[in-house]
Amino acid sequence: MHNPSQPIFNSATLTANIIAALAQVRAQKPLVVNITNYVVMNNTANALLAIGASPIMAHSRQEMAEMMHIAGSLVINIGTLDNEWIQRMLFAVEQANANNKPIVLDPVGCGASVLRTHTARTLAAKANNLIIRGNASEIIALAGETSQTKGVDALDSSDTAFVAAQALVAQYQANVVISGDVDYVVTASQTIRLRNGHHMMPYVTGMGCSLTALTGAFAAIGETSGLAATAIYAIVGEIAAEQSTGPATLQLNIIDGLYQISAEQIQQRLNIAVVAS
Ligand SMILES: Nc1ncnc2c1ncn2[C@@H]1O[C@H](COP(=O)(O)OP(=O)(O)OP(=O)(O)O)[C@@H](O)[C@H]1O
Ligand SMILES: Cc1ncsc1CCO
Ligand SMILES: [Mg+2]
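Residues numbered from 1 in each chain as written. Chains lettered and ligands numbered in written order. Predicted model: local features only at pLDDT ≥ 70, side-chain atom pairs only at ≥ 80, totals over all residues. Heavy atoms only, no water.

**Some points on the site of ligand 1**
- Neighbouring ligand 1 are 18 residues, the closest being N135, S179, D183, G208 and C209.
- Between ligand 1 and H198, the relevant distance is 3.1 Å, taken from a nitrogen atom to a main-chain nitrogen or oxygen of the residue.
- Across the complex, the protein chains shield 89% of the 630 Å² of accessible surface that ligand 1 would expose by itself.
- Counting atoms within 2 Å of the grid points, the majority share of ligand 1 lands in the largest pocket.
- Going through the elements one at a time, β5 (130-135) and α8 (207-220) are the ones with two or more residues in the shell around ligand 1.
- When residues in the shell around ligand 1 are grouped by element, the largest group, 3 residues, is from α8.
- Class assignment of the residues belonging to the shell around ligand 1 gives a composition of 6 nonpolar, 9 polar and 3 charged. (Near = heavy atom within 4 Å. Polar contact = N/O pair within 3.5 Å; in protein donor to acceptor, adjacent residues only side chain to side chain. Areas by Shrake-Rupley, 256 points an atom, 1.4 Å probe, with all protein chains shown as cover. 1 Å grid on protein atoms, 1.4 Å probe; cavity = no way out; pocket = protein on both sides within 12 Å on 5 of 7 lines; lining within 4 Å. Sits in = over half its atoms within 2 Å of the grid points. Helix = DSSP H or I, 4+ residues; strand = E, 2+ residues; numbered from the N terminus. Nonpolar A, V, L, I, M, F, W, Y, C, P; charged D, E, K, R; others polar.)

Laid out in structure tokens, this is it:
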């Protein structure tokens, strides 16, 4: 499995690892515990099921210790925050840490309000085994740089978030995925660029939230770089968009695509390059 501390320069090896990780998710069906936003709960649960994982949306403090005992990973998405949710998220991170479970953080709307920026930073600082997945504007804001965010949609390009992602890797000992027209997977040992996906994807809400949830599924089987989820999701989105007349059919076709995606399609479509190490 891809160990983020060991750089891999060879695209064929990276591709083989992504395919192996997919097989492992499908075989192991890891339990992914999600504290996520009201907008995307149903769709992210369906995305996790379609890839072969086992989702549970759980929010209560009363059950979180038990959940983190049996979970493969914790996904925290701050999309529809309020004070009660923040306390639940902090407690869940503590429980994940206590059980050595990887945590995936989606800093939805980071930079759009002080509440979101502050909460995302507090959660990131608390999490031990962390992967951050956000769009370019969120990654830039989380790192304390000036982003152009006006809500949950990115107004910055992935290329401009690169330095911010490297700063987050150092600050939180995290792995960072920047999604957008181009996706970057940034770890302490290397940066990988993926040129897959489709320009129709941002016309469906929660596309990034589903990617974050899938990142949790792969983290649960030990692929904690974020690479496999990011690569597979963008390829699925690309194939699905080619079969879709608009955002509504795209949303459905992505769920079908996650269920159907094959090793051959990954081999044929993956556009991957190591850009820094
Ligand atoms: N212009 C684009 N071209 C190709 N793929 C794209 C484009 N924009 C987004 N994507 C793909 O869409 C997926 C979600 O990324 P995006 O950056 O839109 O997430 P997000 O802004 O966090 O979304 P949300 O907050 O609505 O969940 C990724 O797989 C990414 O590769
Ligand atoms: C639209 C929206 N608002 C809060 S969360 C969310 C889903 C996409 O991030
Ligand atoms: Mg998002």
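Here the narrative resumes.
**Section: unusual backbone geometry**
- Phi is positive for N100, which is not a glycine, with a value near 55°.
- Inspection of the secondary structure puts N100 in the loop between α4 (83-98) and β4 (103-106).
- One non-glycine residue, Q173, lies in positive phi territory at about 45°.
- Among the structural elements, Q173 can be located in the loop between α7 (162-172) and β6 (175-179).
- Look at Q173 and you get exposed, because its relative accessible area is 61%. (Buried < 20%, exposed > 50% of the residue type's maximum accessible area, 1.4 Å probe, protein only.)

**Let's talk about the layout of surface pockets**
- Volume-wise, the largest pocket comes out at about 780 Å³.
- Taken together, 35 residues form the lining of the largest pocket, with N135, S179, P202, M207 and G208 sitting closest to its centre.
- Where the lining of the largest pocket is concerned, the elements lending two or more residues are β5, α8 and α9 (227-242).
- For the lining of the largest pocket, the element with the most residues is α8, which contributes 4 residues.
- Here the residues of the lining of the largest pocket are counted per class, giving 13 nonpolar, 15 polar and 7 charged. (Points joined across faces, edges and corners; volume = space filled by probe spheres on them.)

**Considerations on the pairing of strand β8 (residues 191-194)**
- Alignment of strand β7 (residues 183-186) against β8, held across 4 bridges, turns out to be antiparallel. Within β8, the position partnered with V185 by the bridge is I192.
- If you look at the hairpin formed by β7 and β8, you'll find 4 residues sitting between the two strands.
- Relative to strand β9 (residues 272-276), β8 runs antiparallel, the two being bridged by 4 bridges. Bridged to R193 within β9 is A273. (Pairing = 2+ DSSP bridges.)

**A few points about the UniProt feature "binding site: ATP" (unreviewed entry) in the protein**
- Per the UniProt record, "binding site: ATP" (unreviewed entry) is found at R133 and S179. Over a stretch of 47 residues, the named residues converge on one spot in the fold, their C-alpha atoms separated by at most 7.4 Å. From the list above, the largest pocket is lined by R133 and S179.
- You can see R133 is positioned in strand β5.
- Given a relative accessible area of 3%, R133 falls into the buried group.
- Dropping the residues within four chain positions of it, R133 is found in contact with L105, D106, P107, V177, S179, G208, C209, L211, T212 and T215.
- In terms of polar contacts, R133 uses its side chain to reach the side chain of S179, at 2.6 Å.
- Structurally, S179 is set in strand β6. (UniProt positions renumbered as here; feature names shortened; annotations may be inferred. Contact = heavy atoms within 4.5 Å.)

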